[in-house]
Every structure is written in C-alpha cells, then in structure tokens.
There are 2 protein chains.
Amino acid sequence: MAVKMVGLRGLMATRHYCNNINNIERQVRRVVALLRDQPLHQTVTVNGWVKGMRRHKERTFLDIDDGSCYKKLQMVLKSDQRPATLGYHSAVSATGILQPSTHPSQEVELLVQQIQVVDVGMQGDYPFKARQTHPPDYTRRFPHLRPRTNSFASLLRVRSQMKAAIQHYFEREGFINVDTPILTTNDCEGGGEVFMVQHLMAQQQSKGSSEGKAQNSYFKQPAYLTVSGQLHLEAVANGLSKVYNFSPAFRSENSQTRRHLAEFWMVEAEEAFLVGREGMEALLGRLEGLVKEVMTEVLEVTSEDVQAHWQRSQGTEEAVRRALDKPFSRVSYAEALDILSGAPDLPPVSPGQDLAREHELYLTNSLGHRPVLLTDWPLTIKPFYMSACEDDSSLALAVDLLVPGVGEVAGGGLREHHLPTLQGRLPPPQHHHNNNSDNNNSLQWYLDLRALGGGVPTGGFGVGVERLLQFLLGIHNIKDTLPFPRWAHHCPC
Amino acid sequence: MAVKMVGLRGLMATRHYCNNINNIERQVRRVVALLRDQPLHQTVTVNGWVKGMRRHKERTFLDIDDGSCYKKLQMVLKSDQRPATLGYHSAVSATGILQPSTHPSQEVELLVQQIQVVDVGMQGDYPFKARQTHPPDYTRRFPHLRPRTNSFASLLRVRSQMKAAIQHYFEREGFINVDTPILTTNDCEGGGEVFMVQHLMAQQQSKGSSEGKAQNSYFKQPAYLTVSGQLHLEAVANGLSKVYNFSPAFRSENSQTRRHLAEFWMVEAEEAFLVGREGMEALLGRLEGLVKEVMTEVLEVTSEDVQAHWQRSQGTEEAVRRALDKPFSRVSYAEALDILSGAPDLPPVSPGQDLAREHELYLTNSLGHRPVLLTDWPLTIKPFYMSACEDDSSLALAVDLLVPGVGEVAGGGLREHHLPTLQGRLPPPQHHHNNNSDNNNSLQWYLDLRALGGGVPTGGFGVGVERLLQFLLGIHNIKDTLPFPRWAHHCPC
C-alpha cells in the first residue's frame, strides 16, 4: 500500500511569522535544561509546540514541548494574554520567569510575560488529532509528520542516545571508527539480495524512457549497495588492530514482514589477534559487554522516554532487566537442537539446518528469558570467511546473539585465516560476468590480506541497531524504529 | 587507471599462528596506554607489528606499532631470543616487563621475556618497502593495504577523532542524531548527478546478461542515492527542534579531479525557530563554533598524528592556527565580487554567477588567510528551498564556508517557509516520469511540512567531512582522506 500524502487544502492560511524569535539576544533555553537545572526567578525564552492547553477563566495553562526531552514545560499565562490563533500543536515563542510550581506534577513552571505564535498549528488535512494517541500502523503512513507525535519523538531520542552510547563504548575501548564503503563491487554474504547502482546520465534525461537512462559504466563494473562492511574492516584491522564502522546497510529482500528493512543501520567491530577458542571467548565477552553497556547508558540518559515505551509494551522491562543483571545464556548449536527437539508445535530442525525466528524465540524463552549467545554452528551454513573450530573442523567459530521477542540481533565470529582453505571456500561467481575471466576477481583484494604478509587473524561481529532498539523498547514493527523506513514498494519520501 | 591488485605468488608460505595470543588470561595492553600510563615494572603483553628493527650483537631493538597511536613502543630482546622469521611488518605477540628507557627518544621500553611471530610479514608482491615512505599516489593504488602504512594509519585515527568530535559537539549542544535515508525518490539539489538504484533479481542471475538483470520495480518508482538529507532533517526538526545527521552522500559526477568523490561523508544540522537576519547570525555562529570546536578537540586528542601530517604539508599549521585564533572573515557575495575584481589572472565573475574554486581560494587568501563565511548570495543560483532576505528579495539567506587551500567545505542557510513562494520555486520535473501526472509529486511531503500547520521556520548547513580533513591536515588529494575512496571508474575493492 502506497503511503498517501496529505493534500494541500488550506494552503493559503495566514501564517504568523515573527522576526524576533532567534537565539542571539535573548536567553533561549531548552525545556530539558530548565527542568533539570531549575534556574528559578530568571527570565528565559522557550521555543516549542503546544502539546496541551487548559483554558480557565483567569489563566491558561500550556504544556510546551521543544523536543529536547519527554517531559513538557508548563507555561502559565493570563487568559487575556492568550493569542487568538493559539491551538494544539501551535509553535510558540514565549518569554517569562521560571518559578516553583504549586501543582504537584511539576517542580517548575514558566510565568509568561510575552508569547508569540510562530505557526498556528494543525491545519487542512493534518492527520493527527489533538490529545489522541494514534496506533503506529497509522502514524507510519506519515513519516514526514510523525516526529511531531510524542511517542515517535521519544523513539528518536532513544535511537539517538543508543547510537551515541555505541560510539562512547568503542571510544572507551580504543577502537578506531572506519567508514567502510556503501558502493562496492562484491557481495559480502553472497546472498544475492543486493541493490544494484547505476549511473543516471543527466544529459540524456530529455530523451528518457519511462525509467530514465541508466548506465552501468560509472565504475566500469557492476556496483552494489553494501550488505556488510566486514571484509573492508578486516583490511583496516590489519593496520589499526581494533576498528569499527557505523553504517547503513542494504538488503533488497522482497519482504513485507514486520522484521525486515531494505535500509538499516549496523555497527560492526573487528579486532586483530583473536585466535581459536580463546579468541572466541574474547569476542563473546566483547559482544555481551557492548550490548549491556549500551543499554545501560540509554536507560540512564533517556529513562523517561524508555519508560514511556515500556508502559505500552508489557513484559519488555523485565526482559531488559534480566539481560542486564545476569550473564547472557551460552549454548552450542548442538545443545540448541536438543532443546528444540523438546519443543511442542515447532517445525523440527535437522542437523546442519539454519534456525527460523520461532526457534530463536523458543530458545531465548526456555533459557531464562534472557539473551542467548549461540555458538559452534555447522560450518556449512555459515559464510565462506568463517573460521573452523580446531577441535572439530565441521563447526564454525561463529556466534549469533538472540534476544527475547526479537530473535537474532547480532552475528559474528573469527575469520578463516589460512589462505588455501579460504580460497577453497570462496563463494560461487557473482551475479555478473566480469570482463576478467576470473569470476572471483572482485575478492582478490581480500585474499591479498592473507597472501602478502603482515596480516593477522581477526574476529568481529555486526549488531543491527534497529533490532536492538526493538528489544530495548518492545517495538513490534521494525519500521517504527527509524524515521524514514524503506521496504519493498515503500520509499514514500 | 584501474587499481591493480597484487598477485598471489608466495601463497603457500608457512604461517606461524599461535593459539595463546588472546586477551583473556594475560594482561594485553595497548601501546597508547603503556606510553601514557607508564605502568613500570609490570608484566604486560603487547600485540602489534614490527615497524623498525635494529639488530645488534647482544640485543635487538624493535619498534612496535599496534595502531593505537602515532608513537611506537620500543621492545628490547636478547638477540638469541629473536625468532628467525622476524622481519619488517611481522605481527608479533610479546610479553615482558615495562621499564624506564635509557634512550632519550622514549621514556619507557618493554624488556621482552617471550615473543611469538603471529605472521611473518611482507611476502610475495607486497607493494610497500621496509623503511620507506611511499607517495600517496602510489599507496592509493592499494586501498586494502595502505592502512598498514604509518601515514595512512595516522589519517584514519584523525578521521575517527574528527567524527567523534563532531558527535561530541552536537551532543553537548542538545541536538538529536537522526538517520536520514540513503535511498530516496527525490533529488534534493536538483543537480541531476545522482546514482540510480535498482533491484537485482537474484533468481534471474543464471540467465543473466553481461550486466545482470536489474529491475526498477523494487520501490515501484525510481530510487536514487541521497545527495543530502536536508529535506528530511527539516521534517524532523519540526518535532525535535535541533537535529543533525551524519551520513554518506553520493554524487555521480564524471570527475577525475583531486577534489571530488562519488561517495563522501557529510554532517548536516537543522534547527527550528531561526528567522531572518537574526536567525542567519545564529546559524553563522553555530557553523563557526562547530568547525572551531571540532578542530580544537582533534588537535588535542590526536596531536602527534596531526603534527606528522603538518610536517609534510608546509603552511597548513599556520592556516589552522589562524582559523582557531580569530573570528572567521565574513563577506557578502557583493563584497566578494568587489575583491575579486581586483584579482589579477582570474576569470571575471559576472554578478549572479557562481564562484569557481580559484575564486574561493583568492578570497580566503586576500581576507587574512582565514576561513570566510560568504553570505547574501543571489537567490537565483541557490537551490529552491533557500529563503530570501527580507530587505532584498533578490538575495538568499545562504552561506558558503570557504577555507584556505581547499575552498568550500560547508554550505547552508535559512529555508523558504512561505508555501506559495516555495511552490513557485520548485525544481523542474525530475529525470523520470512518475506514474503520477504531477511531476513534483515526490516533493509533496515536503510541501506538507508548510501546509499542515505546526511547522516552523528552520535553518541549517552541511559540512563535508573529507574537505574539513583536507584543510586540517593539508591533504592535497581528497581521495587520501578516507579508507576506500570511490570515484568515476574506481571502485576497486
């Protein structure tokens, strides 16, 4: 279903722009700072939107939101000061004195001396009603407007803090941030669900067919949107030891489920000098540490936003607390199959077969409703670059991190470092025919890392930011974890 | 010229992997921490690469680099301890005792008790010679290997710190990080130099032609790679007031210059409640503050890496110091034309014409060799969304930030907020024919921001990360500012 954009009725409505609302001369303060620092009896200016209005005979109370935090600032003005155009979602600029509030639900309020309506608020076909919480399936149809709703603004603040916490973690741990490329000539996973990128010849647009003139020649070879920056991170880890990226990634799956996006954000880390079981233990500790420290920071900094989500998503808080308070469960693939064999109503898993999401959820539930680090996978169902266990060459030193309610949020492992073994496991020729007769030519650079010396064994993992957000906040549909989701047939704005 | 990957001769060389080099049991420490904290007389393990080796009869001295900082750690071992396979760029894991150094060039050194060669170092067609600094034009041909060189590792550390400093700035200032989409159906600038994205049908690959089977149908309408997230940021600023993104951006220019990339990183900020001259002043202050604070943090945290670059790029340090110590120059477009009219040997600029890079450089040089905030541009040469000055409707409330040696590093301004004016300035129909008869349908959502109420005037800017790095470090070719550069005909790995 295409997202219907709102029409343009009511366009010509008079607007009230004022020219003296900027931050230069006056003391413009943000709501979050006023509520936190409480600079009583100071004259301050606040710019924001009206999210609540109670009109009494003498006085009018406004709840003002400037997007800086979950709480609103109460403003009090004499009712004869109230501008005629003031309404729900009006944008205002108000100057007044911060004073203690007599009402028990807030500590301070702004006694307004001057108020200006910068924009009059909801007009025309504005899709959201005043004082009403709309279901996510509805607000999602208006990606350009939903950041104005309380719940989605909350989500965006939590998302921002989660990204910051991820960066803080890697900074503390001495990792170097590396931008792996979006445009690439190889498909890391070999899965085939890639977007192809072509050069739009602008000079030909006047002669264009219904699809425009696109050419493949920009890079002289087919180019795709990255599905993972891992192979590139391995190259850089061979100079900087500890590296990570934080990047959009793409899958062109023709999927309409609530679990898939065509464009999502992933953080990937790669660390040199990780070998064997001992290296794998270090990697598992790193992954668990990252997830716990990031969630802890987000809970500390944006607790009110998180709490607001938890009020709607029963049970999530418990699952998150369990994840933070105890070690993650650790099981091997073989152990997992044992557990699953006792599961009623689940499709059986044959040895060597991948798990479905329902299996993942059963495992997290039966292992204490906590995250599960699932290791020792059959080598045959893992990508070509995974290292085998030394004690059983049919198993991969690989891990999936499963979390309750969501399933897989991260995957990783140690990389195969022995060049002949790696060559033997290279993926089949890619979707295109290179000019070069060697179909795996596009991975020659990756083989060079092992062939030319100075390269060391590495290991790493990738964490899907949106799925981690789903787990932390109990968000049902992954499309509600980022501002402008893209999925099959949906690229509305 | 296509990048030639190194061949696979010497593949089968014996490798020495050891299984006890992980970080679990032993006290693995990074070089940066040892040199900073100097935990004398402690037994520590260091993993890293040999960047220097002096073999004396009794003792051998190694300079060890683990990528964590510019300085190396000196290791001292008895020469009879020296592994036979030890060579330049060998990867080693060494355990020893940190002790004061008798040599004046370092304060501490590691007295080695045990050393293992994890990888023997340069082999086969390894393109970099020991103890030799290769020119950037050469190392650029080996993007997968150049992170192992001292100078490029330095660049990557500075780049990482610059990105961190940008995030720190916006966190301090209360901005919310927002991920604007990479896949988009509209072309923000209307410039036409966009990449088109198509769905590669994996199931058809076996029948594939030489270019594979690509289809336009994934999004039901043509989709492009973003050139800017600004329009999307404006939507979110209308709920969160202060927002920024940090994102890859794309241009499919058929350019081979040292100033252009097909894929680059940009940070864009957008702030609500900015109006008129006063709002523009706030925006200019914001842009100048960001650039200065970011450069200051980078100089503090990675000073040795920056100094190493400055030793090769004469004059850069002076320009950077001037940028930090004094206010940026501010001139209007009209004033700039006056200055340029006195320039010998420069092509004349007619009023209403854009400036070329040579004009930009002349301006920064003639205005004190400092960055220049160039404002009051002719509205006609700025994009459709720029706001006009109130006192002269032929001028835009727009700014370009020019820096010595590089030219434009940032651009921004206030946005046109009056809906009928905005509609009148919409760009011409895009490259494709929509199913919809309204060619500007893809920007309907953007018009909604003004049409439906609760929207306020906003302003913002975008800063090119690579160009700011060029200025800070004096890097001649922009392709040397990021690990895997892409430009016309170049997507080597």
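Above this text you will find the structure in question.
The paragraphs below set out a description of the structure included in this document. Keep in mind that what you see is a predicted model, and the values were worked out from it rather than measured.

1. Some points on the overall build of chain A
What chain A contains, in helices and strands, is twelve helices and 17 strands. Among the 493 residues that make up chain A, the fraction classed as buried is 64%. Counted over contacts in chain A with a minimum sequence separation of 6, partners at least 24 positions apart contribute 68%. Of the roughly 18,100 Å² that chain A leaves accessible, carbon and sulfur atoms contribute 48%.

2. Let's talk about the sheet that holds strand β5 (residues 108-119) of chain B
Residue and element names in this part refer to chain B. Overall, mixed pairing links the five strands, which are arranged β1-β2-β3-β5-β4 in a closed barrel. Across this sheet, the average inter-strand angle for adjacent strands is 55°, counted without regard to direction. Pairing of strand β1 (residues 43-55) with strand β4 (residues 91-100), which is carried by seven bridges, proceeds in the antiparallel orientation. Looking at β4, one finds that threonine 45 is bridged to threonine 95.

3. Thoughts on the sheet that holds strand β15 (residues 395-403) of chain B
All names here are of chain B. What the eight strands build is an open sheet, ordered β6-β11-β12-β17-β16-β15-β14-β13; its pairing is mixed. The open sheet has two free edges, formed respectively by β6 (176-177) and β13 (329-332), since each of these has just one partner strand. Inspection of the sheet shows β13 paired to strand β14 (residues 372-378) by four bridges, in the parallel sense. By the bridge assignment, valine 331 is partnered in β14 with leucine 374. Lying over the sheet, helix α4 (residues 230-240) contacts β6, β11 (242-250), β12 (263-272) and β17 (458-464), oriented at roughly 35° with respect to β12. Here helix α9 (residues 357-366) sits on the sheet and contacts β14, β15 and β16 (407-414); the angle it forms with β15, its principal contact strand, is near 75°.

4. Comments concerning the pattern of salt bridges
Residue and element names in this part refer to chain A. If you walk through the whole model with that rule in mind, you get 56 salt bridges over all chains. Close ionic contact of glutamate 288 with lysine 292 constitutes a salt bridge, the shortest N to O distance being 2.9 Å. In this pair, glutamate 288 and lysine 292 are both assigned in helix α5 (residues 276-301), four residues apart and thus about one turn of the helix distant. Neither residue differs from the other here; glutamate 288 and lysine 292 are each classed as buried.

5. Focus: empty space enclosed by the protein
Throughout the structure, instances matching the rule amount to twelve cavities of 30 Å³ or more. As a volume, the largest cavity reaches approximately 70 Å³. Lining the largest cavity are A:Arg159, A:Glu263, A:Trp265, A:Leu482, A:Pro483, A:Phe484, A:Pro485, A:Arg486, B:Asp179, B:Thr180 and B:Pro181. Looking at side-chain class alone, the lining of the largest cavity contains six nonpolar, one polar and four charged residues.

6. Focus on the packing of helix α8 (residues 333-341) of chain A against helix α9 (residues 357-366) of chain A
All names here are of chain A. Between α8 and α9, whose axes approach to 10 Å, the crossing angle comes to 90°. One element, α8, and the other, α9, form an angle in the roughly perpendicular class. Contact residues: α8 offers Ala336, Ile339 and Leu340, while α9 offers His359, Tyr362, Leu363 and Ser366. Of the residues in the contact of α8 with α9, the class split is five nonpolar, two polar and no charged.

7. Observations regarding the environment of A:Ser252
All names here are of chain A. Along the polypeptide, serine 252 turns up in the loop between β11 (242-250) and β12 (263-272). A sequence separation of eleven residues divides serine 252 from glutamate 263, and the C-alpha atoms of the two residues are 8.5 Å apart. Within the structure, the side chain of serine 252 is placed 3.2 Å from the backbone oxygen of valine 194, a separation counted as a polar contact.

8. What to know about unusual backbone geometry
All names here are of chain A. Here serine 241, not a glycine, exhibits a phi torsion of approximately 70°, which is positive. Locating serine 241 in the fold gives a position in the loop between α4 (230-240) and β11. Of the residues examined, serine 241 reaches a relative accessible area of 5% and is grouped as buried. The backbone of aspartate 376 shows a phi angle near 55°, a positive value even though the residue is not glycine. In this structure, aspartate 376 sits in strand β14 (residues 372-378).

9. Focus on helix α12 (residues 465-473) of chain B
Residues and elements named next belong to chain B. Along α12, eight of the nine residues are buried, which leaves the element largely enclosed by surrounding structure. Turning to α12, its buried residues are Val465, Glu466, Leu468, Leu469, Gln470, Phe471, Leu472 and Leu473. Glycine 474 lies just past α12 and shows a positive phi near 70°.

10. Remarks on the packing of α4(A) against helix α11 (residues 444-451) of chain A
Residue and element names in this part refer to chain A. At a closest axis distance of 10 Å, the pairing of α4 and α11 adopts a crossing angle of 30°. For the element pair α4 / α11, the angle class is roughly parallel. The two elements α4 and α11 meet at a crossing, and its hand is left-handed. Every residue of α11 that contacts α4 at Leu231, His232, Glu234, Ala235 and Asn238 is listed here: Trp445, Tyr446, Leu449 and Arg450. Its residues placed into classes, the contact of α4 with α11 shows five nonpolar, two polar and two charged.

11. Considering the environment of B:Ile166
All names here are of chain B. Secondary-structure assignment places isoleucine 166 in helix α3 (residues 150-172). Separated by 314 residues in the primary sequence, isoleucine 166 and aspartate 480 place their C-alpha atoms 20 Å from one another. Those residues in contact with isoleucine 166 that sit more than four places away from it in its chain are Phe246, Val267, Val294 and Val465.

12. As for helix α6 (residues 303-312) of chain B
Within the sequence span of α6(B), burial applies to B:Asp305, B:Val306, B:Ala308, B:His309 and B:Trp310. Those residues of α6(B) that are buried lie in contact with α3, α5 (276-301), α7 (316-325) and α12 of chain B.

13. Notes on the packing of aromatic side chains
All names here are of chain A. By the definition in use, this model includes 32 aromatic pairs over all chains. Between phenylalanine 128 and phenylalanine 142, the aromatic rings sit 5.8 Å apart at their centres with planes inclined by 85°, giving edge-to-face as the arrangement. Pair noted here: phenylalanine 128 is in the loop between β5 (108-119) and α2 (136-139) and phenylalanine 142 is in the loop between α2 and α3 (150-172), with a separation of 14 residues, a long-range link. Aromatic pair tyrosine 333 and tryptophan 377: ring centres 5.4 Å apart, planes at 40°, arrangement tilted. Of this pair, tyrosine 333 sits in helix α8 while tryptophan 377 is found in strand β14, placing the two residues 44 residues apart along the sequence. Residue classification places tyrosine 333 among the buried positions, given a relative accessible area of 5%. An aromatic cluster is defined as three or more aromatic residues linked by ring pairs; in this entry it consists of Tyr126, Phe128, Tyr138 and Phe142. The cationic tip of lysine 479 hangs over the ring face of tryptophan 487; the distance from NZ or CZ to the ring centre is 5.0 Å.

Conventions we followed
Residues numbered from 1 in each chain as written. Chains lettered and ligands numbered in written order. Predicted model: local features only at pLDDT ≥ 70, side-chain atom pairs only at ≥ 80, totals over all residues. Heavy atoms only, no water. Helix = DSSP H or I, 4+ residues; strand = E, 2+ residues; numbered from the N terminus. Buried < 20%, exposed > 50% of the residue type's maximum accessible area, 1.4 Å probe, protein only. Contact = heavy atoms within 4.5 Å. Areas by Shrake-Rupley, 256 points an atom, 1.4 Å probe, with all protein chains shown as cover. Pairing = 2+ DSSP bridges. Axes fitted to C-alpha atoms, helices over the stretch in contact; angles between N-to-C directions. Salt bridge = Lys/Arg side-chain N within 4 Å of Asp/Glu carboxyl O. 1 Å grid on protein atoms, 1.4 Å probe; cavity = no way out; pocket = protein on both sides within 12 Å on 5 of 7 lines; lining within 4 Å. Points joined across faces, edges and corners; volume = space filled by probe spheres on them. Nonpolar A, V, L, I, M, F, W, Y, C, P; charged D, E, K, R; others polar. Parallel < 35°, antiparallel > 145°, perpendicular 65-115°, else oblique. Polar contact = N/O pair within 3.5 Å; in protein donor to acceptor, adjacent residues only side chain to side chain. Left-handed = near helix turned anticlockwise from the far one by under 90°. Phe/Tyr/Trp six-rings, centres within 6.5 Å; stacked < 30°, edge-to-face > 60°. Lys NZ or Arg CZ within 6 Å of the ring centre and 35° of its normal.

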